[in-house]
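Residue strings, one per chain:
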Amino acid sequence: MGDPLYAVLLIFAGLIGSVALYWIYHWLVKRAEKTESKIDDILIAATGKPLIITVLVITAYLAVVSSGIIPPKYEYILDSKYLSAFYIIIGAWVASSFSYNFVHLYGRWMASRTESEVDDRIIDALEIAVKYGIWFVAFLLILSTLDIDITPLLAGAGIAGVAVALAAQDILSNFFGGALIVMDKPFKVGDRIKIDTFLGDVISVGPRSTRIQTLDYQLLTIPNTKIANSVIVNYALPEVRLKIKIPVSVAYGSDVTRVKEILLEIAHEAVERSEYVLNDPAPTVYFLEFAESSLNFTLVVWAKAFNMAWDVQDFINTRIDERFREEGIEIPFPQMDVHIKKS
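Residues numbered from 1 in each chain as written. Predicted model: local features only at pLDDT ≥ 70, side-chain atom pairs only at ≥ 80, totals over all residues. Heavy atoms only, no water.

Caption draft 1: Representation of the overall build of the chain. Secondary structure assignment for the chain yields 8 helices and 8 strands. Looking at the chain as a whole, 35% of its 343 residues are labelled buried. Within the chain, contacts between residues at least 6 apart in sequence are counted, and of these 67% link residues at least 24 apart. For the chain, the computed accessible surface area is about 21300 Å², with 62% contributed by carbon and sulfur atoms. (Helix = DSSP H or I, 4+ residues; strand = E, 2+ residues; numbered from the N terminus. Buried < 20%, exposed > 50% of the residue type's maximum accessible area, 1.4 Å probe, protein only. Contact = heavy atoms within 4.5 Å. Areas by Shrake-Rupley, 256 points an atom, 1.4 Å probe, with all protein chains shown as cover.)

Caption draft 2: Expanded view of the pairing of strand E3 (residues 209-214). Where strand E2 (residues 198-205) lies against E3, 5 bridges are found, and the strand directions are antiparallel. Bridge assignment links Val-205 to a residue of E3, and that residue is Thr-210. In this structure, E3 lies alongside strand E4 (residues 219-223), joined through 5 bridges in antiparallel fashion. The residue bridging Ile-212 from the neighbouring strand is Leu-220, located in E4. Between E3 and E4, which pair antiparallel and follow one another directly, the connecting turn spans 4 residues, one of which, Tyr-217, has a positive phi of 60°. (Pairing = 2+ DSSP bridges.)

Caption draft 3: The sheet that holds strand E6 (residues 242-250), seen in detail. Ordered by their spatial adjacency, 3 strands build an open sheet running E6-E8-E7, and the pairing between neighbours is antiparallel. The open sheet has two free edges, formed respectively by E6 and strand E7 (284-290), since each of these has just one partner strand. Going across the sheet, the axis of each strand differs from the next one's by a mean of 25°, ignoring polarity. With respect to the sheet, helix H7 (residues 256-273) is in contact with E6, E7 and strand E8 (295-303), its orientation differing from that of E8 by roughly 20°. Relative to the sheet, helix H8 (residues 309-327) contacts E6 and E8, its axis offset from that of E6 by approximately 25°. (Axes fitted to C-alpha atoms, helices over the stretch in contact; angles between N-to-C directions.)

Caption draft 4: Examining the nonpolar core more closely. Among the nonpolar cores identified, the biggest contains 28 residues, and Ile-244, Leu-263, Phe-297, Val-301, Ile-316 and Phe-324 are the most heavily contacted of them. Counting residues per element, the ones that place at least two in this core are E6, H7, E8 and H8. Broken down by element, this core gets its largest block of residues, 7 residues, from H7. Of all hydrophobic cores here, the second largest spans 9 residues; its members include Phe-187, Val-202, Val-205 and Ile-227. (Core = buried A, V, L, I, M, F, W, Y, C linked by side-chain atoms within 4.5 Å.)

Caption draft 5: Representation of the packing of H7 against H8. Running from N to C, H7 and H8 cross one another at 135°; their axes reach a closest spacing of 10 Å. The angle between the axes of H7 and H8 places the two elements in the oblique class. As for the relative orientation of H7 and H8, their crossing is right-handed in sense. Within the contact between the two elements, H7 uses Arg-258, Val-259, Ile-262, Leu-263, Glu-265, Ile-266, Glu-269, Ala-270 and Arg-273 and H8 uses Phe-315, Ile-316, Arg-319, Ile-320, Arg-323, Phe-324 and Glu-327. Counted by class, the contact of H7 with H8 contains 9 nonpolar, no polar and 7 charged residues. (Parallel < 35°, antiparallel > 145°, perpendicular 65-115°, else oblique. Left-handed = near helix turned anticlockwise from the far one by under 90°. Nonpolar A, V, L, I, M, F, W, Y, C, P; charged D, E, K, R; others polar.)

Caption draft 6: Looking closely at unusual backbone geometry. A cis geometry characterises the amide bond from Asp-280 onward to Pro-281, with omega recorded as 5°. Along the chain, Pro-281 turns up in the loop between H7 and E7. At Asp-196, a position not held by glycine, the phi torsion is positive, near 55°. Note that Asp-196 resides in the loop between strand E1 (192-195) and E2. Owing to a relative accessible area of 41%, Asp-196 belongs among the partly exposed residues under this scheme.

Caption draft 7: Representation of the layout of surface pockets within the structure. In this structure, the largest pocket occupies an estimated 390 Å³ of space. Arg-192, Leu-215, Phe-306, Ala-309 and Trp-310 are the residues nearest the centre of the largest pocket, which is lined by 19 residues in total. Sorting the residues of the lining of the largest pocket by element identifies E2, E3, E6 and H8 as the ones contributing at least two each. A per-class count over the lining of the largest pocket returns 10 nonpolar, 4 polar and 5 charged. (1 Å grid on protein atoms, 1.4 Å probe; cavity = no way out; pocket = protein on both sides within 12 Å on 5 of 7 lines; lining within 4 Å. Points joined across faces, edges and corners; volume = space filled by probe spheres on them.)

Caption draft 8: The pairing of E7, seen in detail. Note that E7 and E8 share 6 bridges and pair antiparallel. Paired with Thr-284 across the bridge in E8 is Val-300. In this structure, the hairpin formed by E7 and E8 is closed by a connection of 4 residues.

Laid out in structure tokens, this is it:
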């Protein structure tokens, strides 16, 4: 014989817990709306309602078990396998909701940045695939939990799954690579980046690929999965200014102090006369090396933006050539002396 009072207390506790979870859920939703990331919104939306329903169902189940109101011949409905099936349904609900919203949010965002309609169709297919794929797996698990033979279904699903996985492998890997780019934000549209040997400005980030315009105005389309696994140099972060090192070589016998003075004068002239060079940080000159046929210096200046490097180098190199000619400072070039010995 069960304890009806204990059953009533369990139901009462479940109701109070569900109401508390309901208010906590809405409080978390409002907090998540204030954050920049959307992952917390997706996670809260996926887990809030299933958690509330889980508390209600579990407390109701425990109350029925403890009350003893179920006749002995119907006690089979209280078998733990039915509770396990319920857990599977809740898990599928959470997983499908999170996956669908994740694909919908980041997939639509990336697809909106491209002109092609193919990307939108891919996102539509992915949304359906993740949603119904998870529920199909949950359906098979529930049948297995209820001791129903699923061998024929597994065989058919296995063949179909392998075919779909092979066909969609590249699409899925590129899509999730794009999602990682959106979340991790190693760059944004307009940044100048270097990936492996490719250097250029980001034009768009799509579900399948990222497009970069090189400095020669060529368009590169790089799969997102390659970008996600590559070392990325972003010249626009953490700030847009760029440190430029300009190597300068002079012949042996040159006045080192005077060379450094001239290079600094040229750098300060670049600050005053050009719109590309910053005065802070201040330009600096370093005498770095006694090379085989030259004295090697490095002039360090800061450009206002990463896309001004060539303008800065052109201005400074032109002035170095002019000033060295005026000062009589020789710029060495590779040469070889050949001595012929007569026998």
